[in-house]
Structures are given as structure tokens and as C-alpha cells.
Amino acid sequence: MDRTLWKNSITSYAGWFTNSLRRRRSILFGLILSILLFVVCVQYNASNDIGIQNIQNTLVMSESDADEQPLNKHQPPAPISGTVRKMKKEEDVNFIEELQEPARKSRRIQINEPQQSLPYVPPQRLVHIDFKGAPPKLSYLQKLFPLIKRFGGTGLLLEWEDMFPWSGSLSPIAAGNAYSKAEIREILKMAALNGLEVIPLIQTFGHVEFALKLPDFAHLREVQESPQALCPSYNASMKFVEQMVDQILEIHGNVNYLHIGCDEVFHMGECFRCRAKAREDLFLSHVKQVATYVRTKSPNTIPIIWDDMLRHLPVATMQLYDIGKLVEPMVWVYAEDVYRFVMQSVWEKYQIVFPNAWTASAFKGAFGETLYIPNVKRHLENNLNWLQLMSNENSRFTGGFKGIVITGWQRYDHFAVLCEVLPSSIPSMVVNLLATTNGYMNQSLQTDLNEGLNCGIFGHNNEYDGDFLNLNNDPHLWDQFSRCTFPGNTFFRLLYRLHTIEIDYNDFILVTTKNRGWMTSYNVEHEFSSPLRVDELMNDHSRIYRSLLSMVRPFQESMTGIFDKYTISEWIEQRVYPMIKELEKIHNEARDLKAKKTWPKRPLPMLKELLRIGVTERELSTPSNEGT
């Protein structure tokens, strides 16, 4: 091929290629755009992977925080309200505040970014142990105290009530199964060995039923019909309080704090001595007297009071009685939405009156007087929301918050039945203590939780399902911790079985006596039913009855190392025996109904007791205003 021909060929191909490109500009443009989009997507996915990895290394606050705290403590941040929710599975955490203000951004504390604020952790984290009428054995407390210490507890709030060995003129108050002085000293020694500060709690105004129920102290009541509250105008009331303070301080020694109660004073200003005074003056005057006596008796001891009776009081009145110099308030809310019960205006008042404050959440004994196991989901939300609030409000007080007490009520008051007892509540106590000690609750704490509860190979492992503390489906933590060996685990596990039987029992009672028409109270009263239908209704009776009977001995054995025989028998009488008794009653009714071989014709005789409520035996006349 000569040179000219080669050149012409090249020119021809170049022209063809150029013309082809021109004809396919739209195709080429689309190809380039596709390449660019592909590069952008790859870059986005890479950055997203890094973001997810950062989230997995994130310590997430219990709720979405507000913006960073201002430097000026007199300009506190606005409160954030909302509900705790579980985050998405890939975010690898379980709880965070869902803000009602979408514009706010949640603040996450990165391990690799130390310049950001850490999660708020209360300086002191105390567990409240309510001894009211059911004293745990010392051998059980010996196992419990190290567990509290392990999970970050710094102290104990011990509410003695009638379990304290009152002496002298107060000796009638002590229950027959109260601790001895030697046992009290041993409890205090065990607390000290575990590095747990003890704050004793005594009731000095309201909730004095444990003493005022007795004839020896009935004259001290504000209202004679009720033993709930002391009369603050009666000189003997203050003498009574002083004796209690003396005996508590004598055995506890030079404690840093003494909780003097003063919550829920339901009867005040009602007796003839008190009517001439304003209720707020009656309350503050009595608190001032008690607190002044405590500080005089033990100058290094600071009195603490529950705050609920202060929330409605004006600042000027509290300052008039120097309450801020005499006591420290312990602000208690056990519901999830803390700000709803202690509003912003209350915190503003407290900041003016008090240099310091305490808070109180709950791990049991807050959501029902007759519950036998706590709802951990609700309690955890309460504690996490408290942490967020304390982070928001801490700078209001010149001395900040002293700490949080995680309460564990055993009865709602002295006369109430037992609610959740300690062995049923250990997982809840541990989870909430762990959260308040770290300032958050997420999967990074799983190993500590499993090891602390002695779960071993049975520890809940979410490596594959990605779900940490599945509280929506397992709010009592039965599925996750029933096979762990923490103190009281056998009792905890038996409650799961009791719960299942109780469901069957409730269904049986509902169907037999309410929903079906052959064993209602009417059928039983008139001995009028079909033997065939009665047999059908009683099909499940024997199975449920035997199941309940089979629980009695295991429950007794599981509680033997924890409580005395009186508490054990009380618990079984309250939780198991009523179901057994009701089933025996239904069995007897079914037997009597089937014993009938002939039945009267209708109408059946009228029940004579209906006369008592106004049903007459005579025929009533037709009302004259009826239409024709």
C-alpha cells in the first residue's frame, strides 16, 4: 500500500469514527453520567460504612441530649421531653431519647473524640432496700451487697421501719421478726466491707403507720381515724421523733446523711390544734424542727427529705424557714416522663432555695401494688430519662446533684401487701444500676451484665440477632436471665412458671364463671345447670389445680435462704393460695351442680337478697306514660 493510499485510509477511518461519535453523543453522555453516579455511590457507601463503625464505638446517652450545656450555669438548657425507644438494629444500641423537637440533633459521645462531653454519671448511686415487714436474711444480704458494688453502687438507703430493734418506750414498734442490734451492726459492717455508704431512712411525719397503728402511739395521730401522719402541733410528736433519731444515730454512728422521710403527708391541718395554721407553715415548721434536732445531735449529719410536699410551695415561704440550709431534697419520680411530674418551674424554685439536690428513680415497687416481678423496660426508661434530666439541670445548683437513689419498694405502705420482693428484682436492679453507673445502656455492657449475673454459657448473646435486652418482647427478662445463677435465681425462675399457670388460671375463671352460661353465680345460687356442660367447663380444672399445688414446695424451698418463715408464708398466701382456694370452691360448686338429678320448672324462685337492693316481689304496674 503506497503512502497516499495509507493516508487516505487513515483519514477515512478517522472521519468515520468522528461521525460515529457525533451521532452517538447522547449515548456517550449517558455513559459518562453513569460512571460518575457509580463513583459517587461507591464513595457514599464507604463513608456510610465508616459511620456505622463509628456508631458501634459510640457510647449513646440514655436519651438524646439537648445542645451542649452553656458555660453560664445561670442559663440552663431547656428541658427535653420524649420517650425512650430502641434504635435501629444496625445502630447497635437499645435506648435513646426520641425527641419531640425534630430539629434537635442527638449528641453521641465518641470514644475516639475525647473533646466531647461524656455521658452524665451521678456522683453517688445508691440502692434503696426497703425492709418493711419482710426482712431478708443476713446471708442473702451478704451476697447482695457485693453485687451492688460490682455494678457501680456507691451506697445504700436502708429503710428500717418496724424491722429496726427499737427499744425503751419505742420497743412496741419493733416487729416480732425485727433484726437484733447485733444483726444491724453486722449489716452495717457488710456494707462497709463492700465500700457502700449507708444512709438510714426513718419516717418522721407521714407514713408513720408502723407506730401510730399501735395503741401506745395512737394519741399522736393527726386524724384519729387514720394512723398515716403525726400531728405536728402536739409536743409529744416531736419527743417521739427525737427518740427515733437518737436510736438510729446511736447504732449507725456518725453518718453523713439521715433521710427523715416527710413524703405524702396526707393528713395535715385537720385536728383542732392545727386548723388555725396554714398547711405550708405546719409542714415547714415541723421539718425545720426535726432537721434542726438532727444537726444538733450530729453536726456532721445532713438531713434529706422527699421533695413532693415542697413542689407547690413558694420560694419565699421555703426561705422563711431556712429549709435550704437545713435539708437536701430528694426529688422522686418513678414514671417514664420525669419532666411531666417535676416541671421546669419546680427546678427553677429548687435552684433558688437549695444548693444541692438528690434524685430518686426505681427498679421495683412502682407500677402496681400487687405485682410480683418488675417491668424492667419501664424502670430502665425511668432511669435513663432521669440521667438526661440530671444532665440538663445539674448546672442549676451551685453544688450540683449529689446522686441518685434507685428505690426498691417492698410495700406501698405499711398496710399494703408485698409487691416485688428482692430475688424477683435482681436483674432489674442490676440493669438499672449498670445504666446509671455508665450513663447509658447499650450492647457494650452485655459482657458485664452476663458475668455479673453469673450467666456463663447461658448468657444472652446477641451476636447474630443484634438485639440487646429485647425488652419489648421480654420486659421481665425471664427469657434472657432465667438460667443465670445470681442470688435468688431459683425464685426468679419459678415466677416464670407461675406466670404461665396464672394465665391458664385466669382464662379458666373467665370462661367458667363469666363467659359461659352454665356455672355463673346465678347457676350456682339456684343449683340449676346441665351436668354435661359442667363437665365440659371443668376439663382444665384438675391440670391447673395440680400445677398450682406443685409450686408451693419449690417456692418455699427457693425462699428459705432469703426470708424467714413468716415472710415466706405471707408471700405464698398472697400469690398462690388465693388461686388454689378459688379452684377448690369451683370444684365444690361443680360437684353440687352435678349432684342434682331433677330440676324445677321455670320461673325459678326470686333471690330473697334482692329485696335489700329494692327489688320487690309484687308485680309492678305499667308506667302510665308508656305509648299505646
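Before reading on, note that the structure itself is shown above.
All values derive from a computational prediction rather than experimental measurement.

Outline the overall build of the protein, listing residues and values.
In terms of helices and strands, the protein carries 21 helices and 14 strands. Out of the 628 residues belonging to the protein, those deemed buried represent 50%. At a minimum sequence separation of 6, the contacts of the protein that also span at least 24 residues come to 77%. With an accessible surface of roughly 30,800 Å², the protein has 54% of that area assigned to carbon and sulfur atoms.

Hey, could you go over the packing of helix α16 (residues 489–515) against helix α21 (residues 577–595) for me, with residue numbers and the actual values?
As a packed pair, α16 and α21 sit with axes 12 Å apart at the nearest point and diverge in direction by 35 degrees. Between α16 and α21 lies a crossing of left-handed hand. Counted together, L498, E502, Y505, F508, I509, T512 and T513 of α16 and P578, M579, E582, L583 and I586 of α21 form the full contact between these two elements. Classifying every residue of the contact of α16 with α21 by side-chain character gives eight nonpolar, two polar and two charged.

A description of the nonpolar core should follow, citing residues and the corresponding values.
Judged by nonpolar contacts, the single largest core of 154 residues is most densely connected at F145, F240, F283, W347, L449, L498 and W571. With nine residues, the top contributor of residues to this core is α16. Excluding its chain neighbours within four sequence positions, the residues that come into contact with F240 are L170, I173, V208, A211, F217, L220 and L230. Core analysis: the next-biggest nonpolar cluster, separate from the first, contains 16 residues, L157, I199, L201 and A362 among them.

Account for the state of the cysteines, with residues named and values stated.
All told, the structure shown has one disulfide when counted by the stated rule. In this model C455 forms its disulfide with C484; the gap between the sulfur atoms is 2.1 Å. The sign of the 100 degrees torsion about the S-S bond sets the C455-C484 disulfide as right-handed. Residue C455 is found in the loop between α14 (446–452) and α15 (478–481), and its partner C484 is found in the loop between α15 and α16; the two are separated by 29 residues along the sequence. Neither C455 nor C484 differs from the other in exposure class; each is buried. As a non-bridged cysteine, C274 has C271 as the owner of its nearest cysteine sulfur, 3.5 Å distant. Assessed through its relative accessible area of 0%, C274 is described here as buried.

So what about the packing of α16 against helix α19 (residues 541–559)? Which residues, and what values?
It is the contact of α16 with α19, at a shortest axis distance of 10 Å, that shows an interaxial angle of 160 degrees. Between α16 and α19, the interaxial angle falls into the category roughly antiparallel. Regarding α16 and α19, the two cross each other, and that crossing is left-handed. Of α19, the residues touching α16 (which contributes T490, F491, L494, L495, R497, L498, I501, D504, Y505 and F508) are H541, R543, I544, S547, L548, S550, M551, P554, F555, S558 and M559. Across the contact of α16 with α19, the residue classes break down as 13 nonpolar, five polar and three charged.

How would you sum up the pattern of salt bridges? Please name residues and give values.
If you walk through the whole model with that rule in mind, you get 18 salt bridges. Where E159 meets K132, a salt bridge forms, and the shortest distance between an N and an O atom there is 3.5 Å. In this pair, E159 sits in strand β6 (residues 155–159) while K132 sits in the loop between β5 (124–130) and α3 (138–150), placing the two residues 27 residues apart along the sequence. Taking the shortest distance from any N to any O, the salt bridge between R543 and D540 comes out at 3.9 Å.

If you had to explain helix α13 (residues 422–438) to someone new, which residues and values would you point to?
Here α13 spans 23 Å end to end across 17 residues, near enough to the 24 Å set by a 1.5 Å rise per residue. The principal kink in α13, of about 30 degrees, is found at S428. Across the 17 residues of α13, 15 count as buried, placing the element largely inside the fold. Residue G439 follows α13 closely and has a positive phi angle near 85 degrees.

Describe the layout of surface pockets, naming the residues involved and giving the relevant values.
Of the volumes computed, that of the largest pocket is approximately 410 Å³. Lining of the largest pocket is provided by 22 residues; of these, E264, W332, Y334, W409 and Y412 occupy positions nearest its centre. Tallied by class, the residues present in the lining of the largest pocket amount to nine nonpolar, four polar and nine charged. What the second largest pocket holds in volume is close to 150 Å³. If you go around the second largest pocket, the residues you meet are P232, S233, Y234, N235, S237, M238, K277, D281, L282, S285, H286 and Q289. Only α6 (235–252) and α7 (279–297) provide two or more residues apiece to the lining of the second largest pocket. The element contributing the most residues to the lining of the second largest pocket is α7, with five residues.

Cut-offs and rules
Residues numbered from 1 in each chain as written. Predicted model: local features only at pLDDT ≥ 70, side-chain atom pairs only at ≥ 80, totals over all residues. Heavy atoms only, no water. Helix = DSSP H or I, 4+ residues; strand = E, 2+ residues; numbered from the N terminus. Buried < 20%, exposed > 50% of the residue type's maximum accessible area, 1.4 Å probe, protein only. Contact = heavy atoms within 4.5 Å. Areas by Shrake-Rupley, 256 points an atom, 1.4 Å probe, with all protein chains shown as cover. Axes fitted to C-alpha atoms, helices over the stretch in contact; angles between N-to-C directions. Left-handed = near helix turned anticlockwise from the far one by under 90°. Nonpolar A, V, L, I, M, F, W, Y, C, P; charged D, E, K, R; others polar. Core = buried A, V, L, I, M, F, W, Y, C linked by side-chain atoms within 4.5 Å. Disulfide = S-S within 2.5 Å. Parallel < 35°, antiparallel > 145°, perpendicular 65-115°, else oblique. Salt bridge = Lys/Arg side-chain N within 4 Å of Asp/Glu carboxyl O. Expected span 1.5 Å × (residues − 1). Bend = angle between axes of the 7 residues up to and from the residue. 1 Å grid on protein atoms, 1.4 Å probe; cavity = no way out; pocket = protein on both sides within 12 Å on 5 of 7 lines; lining within 4 Å. Points joined across faces, edges and corners; volume = space filled by probe spheres on them.

By themselves, these are just geometric observations and shouldn't be taken as functional.
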